[in-house]
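Survey of secondary and tertiary structure
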Amino acid sequence: MNNKKDFGEEFGFLDSEEESLIGRYEEMLAQGRASYFDVSEFEDIIDYYSDRFELKKAMQAIAFAEKVHPFSPSIRLIKASLFAFTNKPRKALSIIFQLEQSEHVIDLDPFRLKLSKAYALILTGKVREGLAVQHDLLNSEAIDLFDVEQVLTIVTNGLLEQDRCEEAIRNLKNFRDKVERSPVLLDCLANAYVELDDLESAAACYKKCVEKNPFDPQMWCNLADVLEGVDEAMQAYDYALLLDEKMPQAYCGKAELLNETGKIEEAGELLLKGVNVCPYDMELFDMLMEHYEATLDYDTALLLCRTMVEENPGNPHLWLSLARVCCYMELFEEALMACDTSALIDEDLSADVCEVKASIYLAMGLPEKELEMYEKLLKADKHNLLLACEVGMLYESRGELDVAYRVYAAAINANPDQPHLYLRMSMLLDSGNRPEDAYRYAQRAVALDDRCSDAWYLLATLQRRRGEPKEMLRSLKRALAGREHCPGAIEMLYELVVEDTPGTTPLLKLAEKRCAGAPIAQPHCYMAALHFSLQDMEKCLTCLERALNINARYSLEFFFKLCPKAKKSAEVKTLCRLYKKAGNK
């Protein structure tokens, strides 16, 4: 397999002037000496890196430009634009407002200034002001369709980042005539529908796109991604690959469909073909590695990884993939070496390297080293909530509750508005026999998120122990009405009904509604047992049948454990007999 590819082939050839400019700039950096570039040259250098999403290099070029041309308004405007599009909107607005007040504003590109301002305003939550700037831009006489596409695409992306999907759709529909004529804007509208999980409307947009431009492989891929019919989606992916065999998205999407339809071997062959054709796409390569992992074909995975790193030794992601495979193969020394090589090539991957090293140390039976990696990760990323919880739970599992407390406390200090952290802290304090502190943190969790079922359930549990029946029932009601399925809340309701606790009757319908779509068997078993205890056999059998459809053996064992008397029930015996007759074990 030949994976070698020169820079021009990967990104498209540069013209001679741009190639010379970038060459001079990078030579200056390599030699550590100062060279002179005028403002327009710096603008081209910064745009070159921005267009390739090499944002760190773009910011480095801006820093050099500001040293050479400290009073250049155009460099400051580019810096503001980059801040806006790297999610630093307040910094962007600060520069933009200063530029608008300066006498040099007339020398600046008004389109770039207003577009950056509109996007930054939307990202800071000032949507009405951002849309007003958009209105000014689109009403300009000099604007053409390309500019309209750029404005509406960027504004839509800003609204989607703010989770204002419906507002993004309404805004685009205000320019329906332009949207209908532009595949770019139809694609933009489709993205908004995807964010709303309205795949049917998204598919309708993409079908219009491929009607306007049937030879655009990307649009065929996008259409395939949202089509619900497997055969139709497969055909769309095939057509995309027919137009351009170098479409990683098409290989990945079609492979997922093959996996879903049980054609595992065919999916693996397709992914391997994709990696040969697109050796630089890491998502495709990672999916192939996942395929080998799922099929336990580690020998092939190891051979492929070693071949890839030999042919592409400067790719840090390939070294990380090799580390993961070596870990599965218990080649721990090679796995750690591959991690260190990846970190040396790209220090920005240090977090990923720590995570892989943690899994290697876990497999080696070195929990102290594993924890050391997680703590290093947490110090580097104090706002990583999942990591904070994982580290805290690791300490909890080791019985080091004081250390777990410090981890959660530090995470809460860095993220004071995250209810999940207060929930974890409350659970920890409860297990550490500090009920009053646990109660306080549980109250804070529900105050921050009044639809968190687990937090309301924990609060109900604490109130039950405190002897506060009215408060307990109110919290239990909120747990049952929350966002998530909460098996613990169903279990508590069952226990309260069996104990003949007053005030539980109004919660039954709410529990039935919440439990109807539960994806696991346990809550259905509790509801079946609850209705059996209330002598409502029709509802009991309905809930039990749902449980049997999810996991028959577990459900019967658990249900009969809850209701031993049900073994003598003729109706239950009939249901079990019919279930077995239908071919279920």
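Below you will find a few notes about this structure. Since the structure is predicted, the reported quantities are computational estimates derived from the model, not experimental observations. (Residues numbered from 1 in each chain as written. Predicted model: local features only at pLDDT ≥ 70, side-chain atom pairs only at ≥ 80, totals over all residues. Heavy atoms only, no water.)

Let us now look at the pattern of salt bridges. Applying the stated rule across the entire model yields 21 salt bridges. The partner of arginine 465 in a salt bridge is aspartate 430, with the nearest N and O atoms 2.6 Å apart. Of the two residues, arginine 465 sits in helix H28 (residues 453-465) while aspartate 430 sits in helix H26 (residues 419-431), which places them 35 residues apart along the sequence. When its relative accessible area of 55% is taken as the criterion, arginine 465 is described as exposed. Note that aspartate 437 is salt-bridged to arginine 434, the shortest N-O span being 2.9 Å. (Salt bridge = Lys/Arg side-chain N within 4 Å of Asp/Glu carboxyl O. Helix = DSSP H or I, 4+ residues; strand = E, 2+ residues; numbered from the N terminus. Buried < 20%, exposed > 50% of the residue type's maximum accessible area, 1.4 Å probe, protein only.)

Okay, helix H18 (residues 282-294) next. Here H18 is 13 residues long and its end C-alpha atoms lie 18 Å apart, about the 18 Å a rise of 1.5 Å per residue gives. What H18 keeps buried is the set Met282, Leu284, Phe285, Met287, Leu288, Met289, His291 and Tyr292. With a side-chain oxygen positioned 3.4 Å from the backbone nitrogen of glutamate 283, the residue opening H18 is aspartate 281. (Expected span 1.5 Å × (residues − 1). Polar contact = N/O pair within 3.5 Å; in protein donor to acceptor, adjacent residues only side chain to side chain.)

Below, the discussion takes up the packing of helix H19 (residues 298-311) against helix H20 (residues 316-328). The N-to-C vectors of H19 and H20 enclose an angle of 150°; their axes lie 9 Å apart at closest approach. It follows from the interaxial angle that H19 and H20 lie roughly antiparallel. The crossing of H19 and H20 is left-handed. In this structure, H19 contributes Tyr298, Ala301, Leu302, Cys305, Arg306, Met308 and Val309 to the contact, and H20 contributes Leu318, Trp319, Ser321, Leu322, Val325, Cys326 and Tyr328. Here the residues of the contact of H19 with H20 are counted per class, giving 12 nonpolar, 1 polar and 1 charged. (Axes fitted to C-alpha atoms, helices over the stretch in contact; angles between N-to-C directions. Parallel < 35°, antiparallel > 145°, perpendicular 65-115°, else oblique. Left-handed = near helix turned anticlockwise from the far one by under 90°. Contact = heavy atoms within 4.5 Å. Nonpolar A, V, L, I, M, F, W, Y, C, P; charged D, E, K, R; others polar.)

A few words on the layout of surface pockets. Computed from the structure, the largest pocket encloses a volume of approximately 890 Å³. As for the largest pocket, its lining consists of 27 residues, and the residues nearest its centre are Asp51, Phe85, Leu115, Gln150 and Ile154. With 7 residues, helix H9 (residues 145-161) is the largest single contributor of residues to the lining of the largest pocket. For the lining of the largest pocket, the residue count by class is 12 nonpolar, 8 polar and 7 charged. (1 Å grid on protein atoms, 1.4 Å probe; cavity = no way out; pocket = protein on both sides within 12 Å on 5 of 7 lines; lining within 4 Å. Points joined across faces, edges and corners; volume = space filled by probe spheres on them.)

This part is about unusual backbone geometry. Positive phi, close to 60°, is recorded for leucine 296, a residue that is not glycine. Looking at the element boundaries, leucine 296 is found in the loop between H18 and H19. The exposed category is assigned to leucine 296, whose relative accessible area is 61%. One non-glycine residue with positive phi stands out, namely asparagine 433, at about 60°. You can see asparagine 433 is positioned in the loop between H26 and helix H27 (435-448). Of the residues examined, asparagine 433 reaches a relative accessible area of 67% and is grouped as exposed.

Purely geometric stuff here, so don't read any function into it on its own.
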